[in-house]
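Residue strings, one per chain:
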Amino acid sequence: MNSTPRNWVDYTLWVLLAIGFIGAIKVSYENLTGNPCPHVFLVPVCYAVLIGYTLMVLSVIINHNGCKHHFFVTGWSIAAAIALVGSVAELVAGGGVCPTSGGGSIRGAITSAAIPLCYVSLALLIGILLLFIWGPYRRACEIE
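Residues numbered from 1 in each chain as written. Predicted model: local features only at pLDDT ≥ 70, side-chain atom pairs only at ≥ 80, totals over all residues. Heavy atoms only, no water.

Caption draft 1: How the structure looks around the layout of surface pockets. Empty space within the largest pocket amounts to approximately 550 Å³. When contributions to the lining of the largest pocket are tallied by element, the ones reaching two or more residues are α1 (3-32), β1 (39-40), α2 (45-61), α3 (65-93) and α4 (117-143). For the lining of the largest pocket, the leading source of residues is α3, giving seven residues. Residue composition of the lining of the largest pocket, by class: 23 nonpolar, five polar and no charged. (1 Å grid on protein atoms, 1.4 Å probe; cavity = no way out; pocket = protein on both sides within 12 Å on 5 of 7 lines; lining within 4 Å. Points joined across faces, edges and corners; volume = space filled by probe spheres on them. Helix = DSSP H or I, 4+ residues; strand = E, 2+ residues; numbered from the N terminus. Nonpolar A, V, L, I, M, F, W, Y, C, P; charged D, E, K, R; others polar.)

This is the structure:
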């Protein structure tokens, strides 16, 4: 019976990571095709978010517990910092900071019901953190 919660946690973690990773790929691709995402210095933020999600995906693939934690913390920190700063900026500016779910660029949504993707990413990242702590991190700590 102990494997059922573990499987549920692992599968849910994989689903959330896949959603975030695929979303980051989509926004990065849209940046290449002319729908820009915000920049920090000369680097588009969507590429940094993609790197963060890639590191988190690698963290659940890697078998070495030490690397697993470092990859996850690094990737999660990058993506979470960007999502948090973007979400706060989106709230303070009243919109137009983050790419949206309606396919709009950072200057406005195509539909009024569009959700800023920094909000979506922040929610995903909170869920991913909780699931990682409950699943892979807890199991790694039990081994050591």
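Caption draft 2: Spotlight on the pattern of salt bridges. As enumerated under the stated definition, the model contains two salt bridges in all. Arg139 serves as the salt-bridge partner of Asp10, at 3.0 Å between the closest nitrogen and oxygen. With a gap of 129 residues between them, Asp10 in helix α1 and Arg139 in helix α4 connect regions that are remote in the sequence. Taking the relative accessible area as the measure of exposure, Asp10 reaches 15% and is therefore buried. Of the charged contacts, one joins Lys26 and Glu30 as a salt bridge, the two residues approaching to 3.4 Å between their closest N and O atoms. One end of the pair, Lys26, and the other, Glu30, are both in helix α1, four residues apart, so they sit about a helical turn from each other. (Salt bridge = Lys/Arg side-chain N within 4 Å of Asp/Glu carboxyl O. Buried < 20%, exposed > 50% of the residue type's maximum accessible area, 1.4 Å probe, protein only.)

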